[in-house]
Protein chains: 2
Amino acid sequence: MVAAEPIYDTIAVIGCGLIGGSLARAARLAGAANTIVIAEQGAAKARVEALHLGDRVTDDLCEAVKDADLVVFATPVRAIGPAAELASRCYKPGATITDVGSVKGAVGQALRASAPATVHVVPGHPIAGTEQSGPDAGFAELFDNRWTILTPANDPSPDYQGAVDRLARFWTALGARVEMMDEQHHDLVLAVTSHLPHLIAYNIVGTADDLEKVTQTEVMKYSAGGFRDFTRIAASDPVMWRDVFLTNKDAVLEILGRFLEDLHTLSRHIRMGDGDALQALFTRTRAIRRGIIEAGQETAEPDFGRHHGHAPVSPGEPSG
Amino acid sequence: MVAAEPIYDTIAVIGCGLIGGSLARAARLAGAANTIVIAEQGAAKARVEALHLGDRVTDDLCEAVKDADLVVFATPVRAIGPAAELASRCYKPGATITDVGSVKGAVGQALRASAPATVHVVPGHPIAGTEQSGPDAGFAELFDNRWTILTPANDPSPDYQGAVDRLARFWTALGARVEMMDEQHHDLVLAVTSHLPHLIAYNIVGTADDLEKVTQTEVMKYSAGGFRDFTRIAASDPVMWRDVFLTNKDAVLEILGRFLEDLHTLSRHIRMGDGDALQALFTRTRAIRRGIIEAGQETAEPDFGRHHGHAPVSPGEPSG
């Protein structure tokens with residue numbers, strides 16, 4: 001995470017939660033921008049100020065973007081369109097307009113709808129995060145060795161291509177690896193690697209919470225059998241995820257359909273007692289995890305390297 | 001994990017994978033037994049010997065159990081019945097017979113079927129594990145602060161109750177907290193907290209592996225969006241999990257039915273664009289994770305405390 005010189009003079013980060021706050025910290029640490037302006041509101045604005053995440057913090061979108069060479073929308077995805085419409089009157093000519101949203105088709109369309117011809121719209125998505133949210137949750141290393149996908153328009157002009165290259169260099173300076181992709185393909189890939197996993201996790205946690213014959217206390221006490229893994233992503237920001245499912249509906253429902261077909265097949269194997277089919281699937285899935293570890297996207301430590309034996313309060317025990 | 005004096009003179013561990021190997025290490029460290037005998041076969045037997053996990057290692061079940069005051073079956077659950085039948089001819093009178101299987105109804109029945117009246121059958125299940133398997137994967141701290149469920153018979157005789165109490169003290173000496181439960185209720189609770197999560201994880205990893213429009217490479221590269229969490233438990237031992245689904249069929253299918261009902265409802269909310277319903281579920285599920293952390297069964301660190309920026313090979317980068 002190093003930049004020989006700033007990639008942009010001034011950047012504006014619109015919305016400063018986990019991703020916006022991590023981007024501001026990482027850009028500062030890497031020296032990737034001379035000036036960082038943050039747009040936030042209310043209690044979050046006060047936290048951003050207290051944490052000194054930007055050189056200036058404002059709740060005025062026009063004020064935030066007017067000098068910015070790079071504008072990064074980092075709000076929940078359905079808020080990006082309205083925010084971009086307000087800000088677009090004040091974009092600096094020649095600026096690059098991007099975002100960090102988990103859905104690219106709907107967001108790209110929204111960004112382009114309000115953008116004047118004097119700016120370059122290059123939507124983006126860093127594949128990184130934790131289950132926490134808000135300005136305090138961010139950290140500068142979040143993007144290290146993670147992929148950021150850019151979904152540029154099909155515009156071969158040197159000006160536009162220069163803007164794409166510069167944004168790619170910015171993300172690289174923040175520690176990320178950069179890949180270009182078509183918007184529609186991005187939305188299908190992320191439906192598999194992110195949106196469906198979140199949907200399933202939210203659903204199983206909801207199911208466990210609703211049972212009559214098994215108490216919530218039992219679910220919590222015995223969660224180390226696997227369930228607790230799902231609760232992590234089911235603790236992610238509710239508004240962000242509501243927006244993802246509303247704006248990537250088609251791809252999510254397509255992938256969910258495949259998941260359900262497979263689950264019905266698996267259910268039938270269990271009902272029929274087909275041990276060979278079960279064992280064949282369970283063996284095949286091991287290889288995928290090995291591939292992810294080898295691709296540098298996951299820790300090889302057992303149990304994610306969780307600390308073992310973490311007790312809320314460790315009772316004193318006799319030694320001897 | 002401390003015992004003032006050994007709980008049993010001699011224990012026999014039948015099958016020495018992740019759980020059996022952890023139990024042998026923990027019992028040794030805690031001084032919970034004077035002598036540890038391990039039954040294993042083939043390559044695993046050689047590893048157990050090389051790792052010095054027991055005082056004696058044998059592939060003869062009769063030899064393993066003949067002096068044991070506690071016999072612990074730690075094989076995949078469908079192997080427990082046949083192994084117990086072979087071993088039962090040699091059980092020491094007064095011995096306690098237990099196991100560590102993830103299913104209690106079928107295993108309890110199998111243990112009791114072959115046990116002579118001279119021994120006490122007390123099935124058990126430590127709710128602990130990692131995605132790794134084999135003798136090398138075990139470690140002494142695996143049971144620290146985790147729950148072990150015992151499913152004793154409804155036998156009020158002082159001899160039997162004494163055997164139950166002694167086994168509970170053994171698990172406590174190994175660091176675990178102990179709870180008593182009815183076999184059928186155990187199987188339903190674990191269907192929720194462990195078996196369904198594994199089924200869902202195996203299924204989603206299988207689905208992602210089967211798509212035509214999204215490549216395996218893409219799934220792996222962009223897995224940090226959530227998918228990689230599922231691959232951990234989908235990398236668990238295939239034979240162990242085949243046996244769990246075959247022996248806890250009814251409870252798994254019951255809970256899977258509830259999960260599917262809820263998933264179809266959630267799918268309809270997405271299709272209809274019902275943002276309020278989505279947000280309500282996604283907000284409710286956050287509370288469950290907080291409860292699990294407060295119950296001491298999960299780390300509070302973001303992202304499970306995974307190390308960030310783990311690269312397979314860290315390329316040299318210019319500094320400055």
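Residues numbered from 1 in each chain as written. Chains lettered and ligands numbered in written order. Predicted model: local features only at pLDDT ≥ 70, side-chain atom pairs only at ≥ 80, totals over all residues. Heavy atoms only, no water.

Visitor: Explanation requested: the overall build of chain A in the structure shown.
Guide: Counting its regular elements, chain A contains twelve helices and nine strands. If you line up chain A on its principal axes, its C-alpha atoms span 65 × 50 × 40 Å. Classification of the 320 residues of chain A by burial places 60% in the buried group. For chain A, the computed accessible surface area is about 11800 Å², with 51% contributed by carbon and sulfur atoms. Across chain A, the 29 positively charged side chains and the 41 negatively charged ones have centroids separated by 2 Å. (Helix = DSSP H or I, 4+ residues; strand = E, 2+ residues; numbered from the N terminus. Buried < 20%, exposed > 50% of the residue type's maximum accessible area, 1.4 Å probe, protein only. Areas by Shrake-Rupley, 256 points an atom, 1.4 Å probe, with all protein chains shown as cover. Lys, Arg positive; Asp, Glu negative; His and termini not counted. Charge placed at Lys NZ, Arg CZ, Asp CG, Glu CD.)

Visitor: Looking at this model, I keep getting lost on the packing of helix H7 (residues 183-210) of chain B against helix H11 (residues 249-272) of chain B. Mind explaining?
Guide: Two packed helices can be described by the angle between their axes and the distance between those axes. Residue and element names in this part refer to chain B. Relative to each other, H7 and H11 sit at 65 degrees, their axes nearing to 9 Å. When the axes of H7 and H11 are compared, the pair comes out roughly perpendicular. Here H7 runs over H11; the crossing is right-handed. Facing H7, whose interface residues are Asp187, Leu188, Ala191, Val192, His195, Leu196, Leu199 and Ile200, H11 presents Ala251, Val252, Glu254, Ile255, Leu256 and Phe259. When the residues that make up the contact of H7 with H11 are grouped by side-chain class, the tally is eleven nonpolar, one polar and two charged. (Axes fitted to C-alpha atoms, helices over the stretch in contact; angles between N-to-C directions. Parallel < 35°, antiparallel > 145°, perpendicular 65-115°, else oblique. Left-handed = near helix turned anticlockwise from the far one by under 90°. Contact = heavy atoms within 4.5 Å. Nonpolar A, V, L, I, M, F, W, Y, C, P; charged D, E, K, R; others polar.)

Visitor: Looking at this model, I keep getting lost on the pattern of salt bridges. Mind explaining?
Guide: Pairing of side chains with opposite charge becomes possible as their charged atoms draw close. In this structure the tally under the stated criterion is 49 salt bridges over all chains. One salt bridge in this structure joins B:Arg306 and B:Asp229, with 2.8 Å as the shortest N-O distance. Highlighted residues: B:Arg306 in the segment after helix H12 (275-294) and B:Asp229 in helix H9 (residues 227-233), separated in sequence by 77 residues. Residues joined in a network through salt bridges with shared partners are A:Glu131, A:Arg232, A:Arg289, A:Glu298, B:Arg228, B:Asp229, B:Asp303 and B:Arg306. (Salt bridge = Lys/Arg side-chain N within 4 Å of Asp/Glu carboxyl O.)

Visitor: In this structure, what is going on with the relation of the copies chain A and chain B? I would like to understand it.
Guide: Of the two same-sequence chains, chain A is brought onto chain B (RMSD 0.0 Å, axial shift 0.0 Å) by a rotation of 180 degrees. Given the turn and translation reported, the copies of this chain are related as if by a two-fold rotation axis. Of the residues that chain A buries at the interface, 98% are likewise interface residues in chain B, meaning the two copies contact each other through the same surface. (Least-squares fit on C-alpha atoms with pLDDT ≥ 70 in both.)

Visitor: I keep staring at the sheet that holds strand S8 (residues 147-150) of chain A and nothing clicks. Help me out?
Guide: Either a parallel or an antiparallel arrangement is found when strands of a sheet pair, and the pairing is made through backbone hydrogen bonds. All names here are of chain A. Taken in spatial order, the three strands line up as S7-S8-S9 in an open sheet, and their pairing is mixed. The two strands at the open ends of the sheet, each matched to only one other strand, are strand S7 (124-126) and strand S9 (177-180). Sheet twist, expressed as the average angle between the axes of neighbouring strands with direction ignored, equals 20 degrees. (Pairing = 2+ DSSP bridges.)

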